[in-house]
There are 2 protein chains.
Amino acid sequence: MRARVTVTLKEGVLDPQGKAIEGALKGLGFGGVNGARQGKIIDLELAESDPERARAEVSAMCEALLANTVIESYSIELV
Amino acid sequence: MRARVTVTLKEGVLDPQGKAIEGALKGLGFGGVNGARQGKIIDLELAESDPERARAEVSAMCEALLANTVIESYSIELV
């Protein structure tokens, strides 16, 4: 079973990387950009085939390693 | 209008960051992980409100800056 974890910075947390992207896009002539925020995805290949248990396992992985829950939120999508 | 760009490494391209995540998860006791690949997302806030033109604009941004199309593929989602 495959899972996609999406990790994004929480609202209000400063995102210098997103600001840099926004500035670079404007510098390239894309004036219609009012904001940019960067996040990450982690695609996992799991041995578990039960969706419920897979989701619980991935959630534990997020809490333990994949996301810093102080400043980041995560969402899990099973595919 | 908001757009989410997802950038992932193409199949077959070596992903040391994904390998490191996989190793770390196994080290933490998550033995059911058979593979991990890392990608990134960029959330954009656009002035453009026409979906067709917004998609064309974001596609141009991806080609120019957001993705390295030699080794990465990208997908665009308008929200």
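Just above sits the structure.
These remarks concern the structure in this document. (Residues numbered from 1 in each chain as written. Chains lettered and ligands numbered in written order. Predicted model: local features only at pLDDT ≥ 70, side-chain atom pairs only at ≥ 80, totals over all residues. Heavy atoms only, no water.)

For the rest of this paragraph, the subject is the relation of the copies chain A and chain B. Expressed as a screw operation, the relation of chain A to chain B combines 0.0 Å of axial shift with a rotation of 180 degrees, fitting to an RMSD of 0.0 Å. Here the transformation between the copies is reduced to the relation of a two-fold axis. Taking the C-alpha atom as reference, chain A places K40(A) closest to the rotation axis, 2.0 Å from it. When you check the interface residues of chain A against chain B, 100% turn up at the interface there too, and the contact is symmetric in its surfaces. (Least-squares fit on C-alpha atoms with pLDDT ≥ 70 in both. Contact = heavy atoms within 4.5 Å.)

Attention now moves to the packing of helix α1 (residues 16-27) of chain A against helix α2 (residues 51-66) of chain B. Where α1(A) meets α2(B), the closest approach of the two axes is 11 Å, and the angle between their N-to-C directions is 105 degrees. Taken together, the axes of α1(A) and α2(B) lie roughly perpendicular to each other. Within the contact between the two elements, α1(A) uses I21(A), A24(A) and L25(A) and α2(B) uses M61(B), L65(B) and L66(B). A per-class count over the contact of α1(A) with α2(B) returns six nonpolar, no polar and no charged. (Axes fitted to C-alpha atoms, helices over the stretch in contact; angles between N-to-C directions. Helix = DSSP H or I, 4+ residues; strand = E, 2+ residues; numbered from the N terminus. Parallel < 35°, antiparallel > 145°, perpendicular 65-115°, else oblique. Nonpolar A, V, L, I, M, F, W, Y, C, P; charged D, E, K, R; others polar.)

Read across the open sheet, the six strands follow the order β3(A)-β1(A)-β2(A)-β2(B)-β1(B)-β3(B); overall the sheet is antiparallel. Both outer strands of the open sheet, β3 (72-78) of chain A together with β3 (72-78) of chain B, are each paired with one neighbouring strand and no more. Neighbouring strand axes in the sheet, compared pairwise and without regard to direction, differ in orientation by 25 degrees on average. With seven bridges joining them, strand β1 (residues 2-9) of chain A and β3(A) adopt antiparallel strand pairing. Bridging from a neighbouring strand, A3(A) pairs with L78(A) of β3(A). Sitting on the sheet, helix α2 (residues 51-66) of chain A is in contact with β1, β2 (33-46) and β3 of chain A together with β2 (33-46) of chain B, with an inclination near 155 degrees to β3(A). Sheet contacts for helix α1 (residues 16-27) of chain B: β2 of chain A together with β2 of chain B; angle to β2(B), the most-contacted strand, approximately 125 degrees. (Pairing = 2+ DSSP bridges.)

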